[in-house]
Amino acid sequence: MTTTAYQRRTDQLREQIERASTRYEERAEDRERTRQVLHGQGVLYADTPERVTTRLARLGADWSQATAMEATPRLPTTGSSLSGLAPENFGTDMLGLERLMGRNDLIDVRFLESGYLAARSVGRVVVCGPEAHVGTGFLTSPSLMLTNNHVLADPQEAERGVIEFNYQAGVDGRTMTPIVFDLEPGRFFVTDRDLDFTLVAVADRGRGGESLKDISWLPLSEAQGKVILGEMVNIIQHPNGEPKQLALRENEVVDLLEDFVHYSTDTAPGSSGSPVYNDQWEVVALHHAGVPLKDADGRFLSVDGSLWRPEMGESRLAWKANEGVRISRVLQAVRQAAVSGPAGELRAGLFEGVAAAPAATVGVGVAPETPPPSTNGRAGSTATVGAVGAVEADGASRVTVPVDVVVTVQPRTAASAPPTAAPVGVGVTPGAPPAATVIPVNGHVSPAEADLRAGLTNLDVGRERLYFDADADRVAREAYYAGLDGAGRAELGPALTDLLERTHERKPAYKPMRMLYPWVDLHPDKQLRSIYSGQVFAPEEFIRADAAVETARIQRWQELAFSEAFLGGEALAAEMEALEAALAFNCEHVVPQSWFAKREPMRGDLHHLFACETTCNSFRSNIPYFDFTDPEEVSRGSCGRRERQGFEPSAGKGPVARATLYFILRYPGLVGDADAELQPDQLATLVDWHEADPVGLYEQHRNFAIAEIQGNRNPLVDHQEWARAIDFAHAWS
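Residues numbered from 1 in each chain as written. Predicted model: local features only at pLDDT ≥ 70, side-chain atom pairs only at ≥ 80, totals over all residues. Heavy atoms only, no water.

*Asks:* Where do I start with the overall build of the protein in this structure?
*Replies:* Looking only at helices and strands, the protein features 22 helices and 22 strands. Taken over 733 residues, the protein has a buried fraction of 58%. Taking contacts inside the protein between residues at least 6 apart in sequence as the whole, the part at least 24 apart equals 70%. When the accessible surface of the protein is totalled, it reaches about 30100 Å², and 52% of it is carbon and sulfur. (Helix = DSSP H or I, 4+ residues; strand = E, 2+ residues; numbered from the N terminus. Buried < 20%, exposed > 50% of the residue type's maximum accessible area, 1.4 Å probe, protein only. Contact = heavy atoms within 4.5 Å. Areas by Shrake-Rupley, 256 points an atom, 1.4 Å probe, with all protein chains shown as cover.)

Right under this line is the structure:
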């Protein structure tokens, strides 16, 4: 290695170590708090309730099951002997749940078999030539390999690199002959120095004619809930370029940062570029650096206690913790990378294998019982960020993606005084400052990332906010309808239509992750419930799932835009329609979007938007509501009953009826102009549902929250008796 190359690599290694060390030292108080909670109360209480809820759900469990197990005396057996906790009561990874909670150190055969398959994807990265060095990498798709940026810093370095699979001891103890594949950065190369990752293409054929298709690869997931504080993780690696080795459950997760995860160990550090797994062999991080021991003057120490010098090599450093890059952050960066053509197709192959496909992601947020407040000071933000309605600051720019797809990008502005008038497409709480500003990264923030950050900020604020102020609501309600006193049946409907339109002062764009999930649609326990199935979901799960969907949509929109000349206008419109259907948000329009051609302000009107998992959303489709007299003769499921003539939900009949009646009043003439839509003679069904399922605290909160954002209210929530007093005939005239 030349002096220049040697110095560059040494400087980069030191830089990564110093940054990891700084992050680790800055979090000393948080780790000590975590340690105390772990030792005093256990893993269920060390992390935020939301993370723990999502982690349990990913194992197929919930808080009631976990706390029941926690309260059961420890037995040296599996969960089948615990009273009331037989595996059939879980339908889940029982042993995984026990290991998570420290109740059982047993490892089943499935764990070993899955680990064997995971290990096959890991190889030794060797860079030849004057700058020769080694690292670890692993296949993440049929064509792409992931390692660190400080292992493969640029395409030129990757050109001299190979990945060697099967460089390990065989069952006879002898080292096996490696299978060597060249790297092909000319086909695909994406790297990020700050996140310290490089994703590069691998040749389809090995140097001995072997097929890359015969090497298994590790699907990656952007979903939350893969690991929490106090959990043990595993690392498969080539330490110091040695044959493949496994650090099995030797690393404890001690801190979770926005981009990184820290895990401590008493053994050797992980190898650069190694995958870090949870007990289900899901990749949770890309190992990239260690946190070294230092003397009183801040100098690095070697394993023998002497001062470490760069020429000793990374293997001689004394370590106290490891740092990995969160795999979800790596995937986000790869999604945003500017690639197209054949390289874009290779990237698509990476995400085709992503375990966190939007439809699957939402299923892991089930939380039948709300977790207790965090005792680690992590439960919610104490920031005084004002409005829960996600507000773009004054001067927000709009960027039009080809084919008239419009997204809003948050500019770099400081949250300051409240705007004098809310801009179109924005919800604002009167008298409150805008929500936290999204700070661009590297000069810009993607629309999906901006929406994600705004949604999570609003969720933090909502946790600290009073759920429903009955006195304030009563005053607002009386003032809102003051001019309608004495209106008769014939006048009440048109008068309400005029009132709803006049007071609909702010018209938020359709962004459920910004306002609906974090605040508007929360139930009193601050969780979401599917409007049709009644299933409980953590709001953060829906926010993150929709952000992933939005990212995928924008990427595909851009790809379609380049194909416009070949597809033609009508074909392109059909492709766009199919894309939105395939990549759906976890949000239901109770008045289907096809009935009003997806136009605003109807599309973003919060009064008829509800959280709803995509399976139920698809199950209902755009079929009008219906009351089946003989439910045995229709298709049924957890979402409800459906036939060609209509759909009857399993839950939420009262709220959807009131939301539909609101829409009919607010937008007369938009419903019922086609045979497949709701007709006037079906209004009686909605009124019956409305009366059979009265307004509760949840809808009172929704109504008040939406009025703060949009300005108008739902009369059927405020005055339930008006349902039969209103003549809806004007809405069809």
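*Asks:* Would you mind going over the environment of N251 with me for this structure?
*Replies:* In this fold, N251 is placed in strand β9 (residues 245-256). At 3.0 Å, the side chain of N251 forms a polar contact with the side chain of N322. (Polar contact = N/O pair within 3.5 Å; in protein donor to acceptor, adjacent residues only side chain to side chain.)

*Asks:* Is there a simple way to think about the pairing of strand β1 (residues 122-127) in this case?
*Replies:* Looking down a regular strand, the side chains alternate between one sheet face and the other. Along β1, six of the six residues are buried, which leaves the element largely enclosed by surrounding structure. Strand direction decides the pairing type here: β1 and strand β2 (residues 133-139), joined by six bridges, are antiparallel. In the sheet register, R124 faces β2, and the bridge partner there is T136. (Pairing = 2+ DSSP bridges.)

*Asks:* Hey, could you run me through the sheet that holds strand β11 (residues 275-277) in this one?
*Replies:* In a beta sheet, neighbouring strands pair by backbone hydrogen bonds and run either parallel or antiparallel. If you walk around this closed barrel you meet the six strands as β8-β9-β10-β13-β12-β11, and the pairing is antiparallel. The mean inter-strand angle of the sheet, taken between neighbouring strand axes irrespective of direction, is 45°. Pairing of strand β8 (residues 232-237) with β11, which is carried by two bridges, proceeds in the antiparallel orientation. Bridge assignment links N234 to a residue of β11, and that residue is Y277. (Axes fitted to C-alpha atoms, helices over the stretch in contact; angles between N-to-C directions.)

*Asks:* Which parts of the structure should I look at to understand helix α20 (residues 683-692)?
*Replies:* Side chains that are three or four residues apart share a direction in an α-helix, a result of its 3.6 residues per turn. Burial in α20 covers these residues: L683, T685, L686, V687, W689 and H690. Against β22 (646-649), α19 (653-666) and α22 (715-718) lie the buried residues of α20.

*Asks:* Where do I start with the state of the cysteines in this structure?
*Replies:* Any covalent bond linking the sulfur atoms of two cysteines counts as a disulfide. Scanning the entire structure with this criterion turns up one disulfide. Disulfide partner of C616: C639, at an S-S distance of 2.0 Å. Negative torsions about the S-S bond denote left-handed disulfides, and the value of about -85° found for C616 with C639 makes this one left-handed. In this pair, C616 sits in helix α18 (residues 614-620) while C639 sits in the loop between β20 (635-637) and β21 (640-643), placing the two residues 23 residues apart along the sequence. Relative accessible area serves as the criterion here: at 0%, C616 is assigned to the buried category. With a relative accessible area of 7%, C639 lands in the buried category. No disulfide involves C612; its nearest neighbouring cysteine sulfur is the one of C616, lying 4.9 Å away. On the basis of relative accessibility, which here comes to 0%, the residue C612 falls in the buried class. (Disulfide = S-S within 2.5 Å.)

*Asks:* I would appreciate a short explanation of the packing of helix α8 (residues 327-336) against helix α9 (residues 341-352) in the present structure.
*Replies:* When two helices pack together, their arrangement is given by the angle between the helix axes and by the axis-to-axis distance. Relative to each other, α8 and α9 sit at 150°, their axes nearing to 11 Å. On the basis of the axis angle, α8 is roughly antiparallel to α9. Note on packing geometry: the crossing formed by α8 with α9 is left-handed. Residues L331, V334, R335 and Q336 of α8 form the contact with α9, whose participating residues are R347, L350 and F351. (Parallel < 35°, antiparallel > 145°, perpendicular 65-115°, else oblique. Left-handed = near helix turned anticlockwise from the far one by under 90°.)

*Asks:* Would you mind going over unusual backbone geometry with me for this structure?
*Replies:* Note on backbone geometry: most residues besides glycine have negative phi, and most peptide bonds are trans. In this structure, the amide linkage connecting E600 to the following residue, P601, adopts the cis form with an omega of 5°. Structurally, P601 is set in the loop between β18 (587-589) and β19 (609-611).

*Asks:* Any chance you could explain the sheet that holds strand β3 (residues 144-147) here in plain terms?
*Replies:* Here we have seven strands laid out as an open sheet, ordered β5-β4-β1-β2-β3-β7-β6, and antiparallel in their pairing. Looking at the sheet topology across the chains shown, the edges are occupied by β5 (179-182) and β6 (189-192). Direction aside, neighbouring strands of the sheet carry axes that sit 30° apart on average. Where β2 lies against β3, two bridges are found, and the strand directions are antiparallel. Residue pairing in the sheet places F138 in a bridge with L146 of β3.

*Asks:* Is there a simple way to explain the nonpolar core in this structure?
*Replies:* Within soluble globular proteins, side chains that are nonpolar generally end up buried alongside one another. Counting 79 residues, the largest nonpolar core has L496, Y517, Y532 and F663 as the members making the most contacts within it. For this core, the element with the most residues is α19, which contributes eight residues. Formed by 32 residues, the second largest nonpolar core is a distinct cluster that contains L144, F197, I236 and I327. (Core = buried A, V, L, I, M, F, W, Y, C linked by side-chain atoms within 4.5 Å.)

*Asks:* Would you explain the packing of aromatic side chains in this entry?
*Replies:* Two numbers describe a pair of aromatic rings. These are the distance of the centres and the angle of the planes. All chains considered together, the criterion is met by 19 aromatic pairs. Members of the aromatic cluster, each reached through a chain of ring pairs, are Y532, F619, Y625, F647 and W689. Across the ring face of F260, the terminal group of R23 is positioned such that the distance to the ring centre comes to 3.7 Å. The lysine or arginine in question, R642, covers the ring of F619, its NZ or CZ lying 4.5 Å from the ring centre. (Phe/Tyr/Trp six-rings, centres within 6.5 Å; stacked < 30°, edge-to-face > 60°. Lys NZ or Arg CZ within 6 Å of the ring centre and 35° of its normal.)

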